[in-house]
Every structure is written in structure tokens, then in C-alpha cells.
Amino acid sequence: MKIGEAQQIYREQVKEYRAQKVALSKELKDIQSRMKREPEKQEEYASKAATLELTLNALDEKQTEYQDYL
């Protein structure tokens, strides 16, 4: 594999991580707004929000790692 090919693979992966982060961020904002509207389900939503935040952090770490390779 040539360097240019490897760089293209890493760029595509970074692009995919960004897209996933955008989608998850949108979902997190939606859940946070639901928490405000439906306080009786706050515990359920808080659990989902925490999971999304952990996933976003993991994606951010991987994106940074791949970006560093470039």
C-alpha cells in the first residue's frame, strides 16, 4: 500500500467519524430537550444522554488519533 492510499483511507475514516459525531450530537440535543419537557422520564433520558456522551467522547478520541496519523 502506498502512502497516498493510506492517507485516503484515514481521511475517509475521519470523515465518517465526523458524520457519526454530528448525528449523535443532534440526538443528544433532542434527548436533552425531552428531559426538560418530560421531567417524569428524566432518569431514562439521563441514562441515554450519558451513553451518547461517552460514545461522542470515544469517537472524538478516535478521530483525533486518525487525524494525527495524517
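Remember, predicted model here, so these are calculated numbers, not experimental data.

Peer 1: Provide a residue-level description of the overall build of the protein, including the pertinent values.
Peer 2: The number of helices and strands found in the protein is two helices and zero strands. Against the globule reference of 11 Å for 70 residues, the protein gives a C-alpha radius of gyration of 16 Å, more extended than a compact globule. With respect to the three principal axes, the spread of C-alpha positions in the protein is 55 × 15 × 15 Å. Evaluated residue by residue, the protein yields a buried proportion of 21% over its 70 residues. Residue pairs in contact within the protein that sit at least 24 positions apart in sequence constitute 71% of those at least 6 positions apart. As displayed, the protein has an accessible area near 5,400 Å², and 50% of this comes from carbon and sulfur atoms. The averaged location of the 14 negative side-chain charges in the protein is 6 Å from the averaged location of its 13 positive side-chain charges.

Peer 1: An account of the pattern of salt bridges is needed here, citing residue identities and associated values.
Peer 2: Summed over the entire model, instances satisfying the criterion amount to five salt bridges. One salt bridge connects E38 with K41, and the closest N-O pair in it is separated by 3.8 Å. Taking the shortest distance from any N to any O, the salt bridge between E65 and K62 comes out at 3.5 Å. Taken as a pair, E65 and K62 lie in helix α2 (residues 42-69) at a separation of three residues, close to a single helical turn.

Calculation criteria
- Residues numbered from 1 in each chain as written.
- Predicted model: local features only at pLDDT ≥ 70, side-chain atom pairs only at ≥ 80, totals over all residues.
- Heavy atoms only, no water.
- Helix = DSSP H or I, 4+ residues; strand = E, 2+ residues; numbered from the N terminus.
- Rg over C-alpha atoms; globule rule 2.2 N^0.38 Å.
- Buried < 20%, exposed > 50% of the residue type's maximum accessible area, 1.4 Å probe, protein only.
- Contact = heavy atoms within 4.5 Å.
- Areas by Shrake-Rupley, 256 points an atom, 1.4 Å probe, with all protein chains shown as cover.
- Lys, Arg positive; Asp, Glu negative; His and termini not counted.
- Charge placed at Lys NZ, Arg CZ, Asp CG, Glu CD.
- Salt bridge = Lys/Arg side-chain N within 4 Å of Asp/Glu carboxyl O.

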